[in-house]
Amino acid sequence: MSPVDLLYTALAVALFGLGLGALALSARPLKKLLGANVMGTGVFSLLIVTARGPDGATDPVPHALVITGIVVTVAATGLGLALIRRTRSASKD
Amino acid sequence: MPTAASPDAVLAALVVLPLAATLGTLVLPRLAPAVATAASWANLALVAFAFGTIGGETWLAGWSAPLGIGLRLDGLAWVFLAFSAPVFALAASAGRATLAEDGAATLWTTLIAGVNAIFLGADLFNLYVGLEVVSLSATALTAIGAGAAAARAALRYLFVGLGGSLLYLMAVASIYRATGTLDMGLVASIGLQGPALAAPLAFATAGLLLKGGVAPFHFWLPPAHGNAAPIVSAALSAVVVKTALYVLLRLWLDVAPQTALADAAPIFRALGLLAVVVGGVAALRALRLKALIAYSTVAQLGYLALALGFAAEAPGATVAFAAFAAAHALAKSGLFVAAGMIAKANGHDEVPRLADPGAAYGPAKAAVAIAGGALAGLPPTGGFLAKWTLAQDAAAAGAWWVAPTLVAAGLLTAAYMARLATAMMRDPPEDAPAGEDGPLRGWSALALASAALLLGFLGAPLAALLEAER
Amino acid sequence: MSLAWLPLAIVATTLVSGVVIFLTPDRMVRTRAALNLLGAVATLGLVGLLVLGVSQGGSYSTRMPFLPGAPLVLQSDALSLLFVGLSAVLWLVTTLYAVGYLRHGAHRPRFFGFFAFCVSATMGVALAGNLLTFLVFYEMLTISTYPLVTHRGDAASLRAGRIYLAYTLGGGAMLLLGTMLLYALHGSGEFVVGGLLSLAETRPGDGALTLVFAVLIAGVGVKAALVPLHGWLPVAMVAPAPVSALLHAVAVVKAGAFGIVRIVYDIFGQTLAETLHLLPPLSAVAAATILWGSIRALGQNDLKRRLAYSTVSQVSYIALGVSLAHPVAALGGIIHLVHQGIMKITLFFCAGAIAETTGIKKISDMDGLGARMPWTMSAFTVAAVGMIGLPPTVGFVTKWHLSSGALESGQAWVMVLMLVSSGFNAAYFLPIIRRVWFADPPADALPRPKGLEASPLLFGPPAVTAGLTVLAALFAESRLSPLGWAEALVLLEFGFAFGETP
């Protein structure tokens, strides 16, 4: 594993850990939602590093996975935001 | 050319048909509940038809691995489809009013598509997509037409679902990094070892236990299941939590080597026992009917973890796992639908004050009785089949403590189900509203509960189906 | 003619009767009564067919796939016929009585529906060909009797129901555990004449089988009301009289006692049970139950509660007979399955008829009741004399066999026990009889009505069953009497040569 790969991998894992921490420990819904997004970014980064083959050739599969994952995350974030709005408007009543 | 009965057409239809219905609900919003109900029943028919194609696999639109979407139908997958499909069909029939809420029909059919995709999924990443589709549509369903409490429960449910999915996705990414493939069979044949195996297994297991609501990760489940509409609660507890545990079973049986499962078995057994006790005690103390039923789900999921804990050494444990999952799905969905009717007839859902809703509720009361028996594992129900199989196989493997444990757990279940039995015999107060309900709902609930009863007689075919695959 | 389906048909007929009755609307009283009687008569007919077939040397067995490697088996042997015959006859009688008793009650479809389920479960218990099948119907019996015990729906009934469920589900759990262990150890649980388990399977110092025996007996002991597992029985007294009659005479306690017979004879077998020293503890428990039940009965002023404690005592004669390891004593025990049934159902019928007609529930209020309700009290007196064990009733036949068996096998303490027990029986039944016939009615007592003393459906059934307690004793020597059947059965178990099987 090249030093660049190692750096990216370490960063990816760190992002994932930070996001997981925010999702699990934060009390505020919005922060939790952002945490989940950061977690996702961590996994996507790891996949993108993986796409770089040892001989410099690029594996297309991880890219496809990342694009799919991003779509899913966007949908989840949208739903989360809608629910956060619902809890806020309901608690104002 | 694929014929009508070719696996290609049938397996593809199991995913495409509910998705097409989703489009239909959007194009024809006024007919959406009818479309969703029809699609649920068509899905049931398709699953029945798919029995003839067990062992088949297909690649959607001809795209092969690694980018295509592969679907594989083995005995285990069919069993899970076969208990989920009737839940969707009968719950949809019982809950037309819920499906008429804005967006509910669309989410319902999407949920079916996601569930089918998971049960048929042949590669690890497609399972991730399936898990997310199920998680998001289920979360949105719990929030339909609900107040602040339900919205908060839904939000928590969403975070749990997201966290679990992302933990699982991390495992998938690690496995791809180590093996360069996502196909479960290929990953297994490569034979990962050491940290390259342990790390993804740990991530995926944590995520799936979280999504599956196995204690101590069950904190989100009672509020989410207890605040939704009855048919949504039914689908959630019957099918949705099972999808995560199904993937967990697949992962440990089909991807991880058997020695790894043997090493991890004590963890699953411990978690299973914890869940049975925690869920059972909470159900015994629950004030509200839906909370009682939801905590009962927590306890029942413990049986699945316990069965997984024996899958390495006892061949019948997989049968027990499937039987527990199926019996719980059918009984619990019937119970949720019937309980919803009974609570509505009483005008409240406080267990100590619930009374006999009257002769018009015969089918619903019968559903409560049969479903309660199936959950407590009384013979001759499916719950009994599951316990018997697990106890016999565990004893054969030298674990004699399993039989008394299962019996004691059954007594705990019986104790909280007896609270419902007492309620059904209690004379209603003088000013009780004379309730009438659509007969269809009661009969739907009774049909589901009766299926849980009938399952008790299907032990031999069930074992044969799972034998062919293992 | 192949009649392999006959055992299944008997269980199914009662089950279908129950479903049909559930679907009959509350207001259709006559239709429901007719359906009920139709079911009871059809069942009796099928049982008659079965008895006829078996007495001509036939043997019927229905097997259904159930668990992998463990089928459901319903079959007829002499022991099951004894129980099936008793249940079929008494169901018909009780149905008539219940129709009269519940003329003005609510929830009648539920009552009669579960009543039929309860009989179906009893038939299943009786016809079960292996322990697993026995377990299935034993649990079904628990579930189907719960709504009968709590039928009135008031706080006292619900409380009694909770206690009833706690005991019986606990017992069911023990039976389930024992069954699981037996199947895990042995691989099957068929009821085999002479015992399923053989000596070859026991290794010295291996307590596994002893443990299985203890767990199984504890499981059936709850329904058989063995002390200290008897607490539910007096509490369940809040149930309507026909239910008490059925619970005490046929269904519940009898299923437990029957289970003891099955487990001792057909699972473990006489020889193995003696080798493992399983029987003396059972004798001790049975003896303690006989005494304790009688002592508690003495102190009760509520008629039904006194009868309930009397049941606790009397049912243990069955366990005692089985545990004495002697053919004649065994005969006394097994025959008491039938004898206790017809005597106790008579007593409960009478208690219900009295309460329903006059409102009297306490023994202290029963002064002079014989003049007011002569038919009812005559039936009561006959059955009570039977309970004490005086000739010419079936109670005497039981006690005679138990005592002589015990003497022949050198267990003289049983003779003493029988005498003490009869003394107790007399002590709690004779004062009632004296009160009823010889005490002056209180000044404010209701005058004797013109015409019938009560609805004929209330005093007819006990008159019939009281007649049976005498007839079955007078014709005890006949091969077709219950005793005749039981003799053949005991001969089979103890391996004596005998000329002709029934």
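Everything discussed here concerns the structure shown above.
In this report, the structure presented in the accompanying data block is examined.

This part is about the overall build of chain B. When its secondary structure is counted, chain B shows 19 helices and two strands. Seen along its three principal axes, the alpha-carbon backbone of chain B occupies a region of about 70 × 55 × 40 Å. Across the 470 residues of chain B, 66% fall into the buried class. Taking the contacts inside chain B whose residues are at least 6 apart along the sequence as the reference set, 79% of them involve residues at least 24 apart.

This paragraph deals with the interface of chain A and chain B. When the parts of a complex come together, some accessible area is lost, and that lost area is often used as the size of the interface. Contact residues are listed per partner, giving 29 residues for chain A and 25 residues for chain B. Mapped onto the side of chain A that touches chain B, the elements with two or more residues apiece are helix H1 (3-25), helix H2 (29-51) and helix H3 (60-92) of chain A. Sort the elements by how many residues they give to the side of chain A that touches chain B and H3 of chain A lands first, with 17 residues. Looking at side-chain class alone, the side of chain A that touches chain B contains 20 nonpolar, seven polar and two charged residues.

Residue and element names in this part refer to chain C. One can find Arg108 in helix H4 (residues 108-127). With 24 C-beta atoms packed within 10 Å, Arg108 lands in the buried category. Leave out the neighbours within four places in its chain, and Arg108 touches Asp26, Arg32 and Leu102.

The subject of this paragraph is the interface of chain B and chain C. The interface of chain B with chain C comprises 29 residues on the first partner and 28 residues on the second. Those elements that provide at least two residues to the side of chain B that touches chain C are helix H15 (362-376), helix H16 (382-396), helix H17 (402-425) and helix H19 (459-469) of chain B. Residue contributions to the side of chain B that touches chain C peak at ten residues, all from H17 of chain B. Residue composition of the side of chain B that touches chain C, by class: 20 nonpolar, six polar and three charged.

With that settled, the discussion passes to the nonpolar core. Nonpolar side chains in soluble globular proteins tend to be buried together. All names here are of chain B. Counting residues in hydrophobic clusters, the biggest one holds 422 residues, and the most contacted among them are Val87, Ala235, Ala307 and Ala452. With 21 residues, helix H14 (residues 316-346) is the largest single contributor of residues to this core. Dropping the residues within four chain positions of it, Val87 is found in contact with Ala234, Ala235, Ala238, Val239, Ala329, Leu330, Ser333 and Leu448.

Moving on: the arrangement of the chains. Across the two pairs of chains that are in contact, the largest number of contacts falls between chains A and B. Structurally, chain A and chain C remain out of contact, their C-alpha atoms never closer than 41 Å.

The rules we used
Residues numbered from 1 in each chain as written. Chains lettered and ligands numbered in written order. Predicted model: local features only at pLDDT ≥ 70, side-chain atom pairs only at ≥ 80, totals over all residues. Helix = DSSP H or I, 4+ residues; strand = E, 2+ residues; numbered from the N terminus. Buried ≥ 20, exposed ≤ 12 C-beta atoms within 10 Å, placed from the backbone. Contact = placed C-beta atoms within 7 Å. Nonpolar A, V, L, I, M, F, W, Y, C, P; charged D, E, K, R; others polar. Core = buried A, V, L, I, M, F, W, Y, C linked by C-beta atoms within 7 Å.

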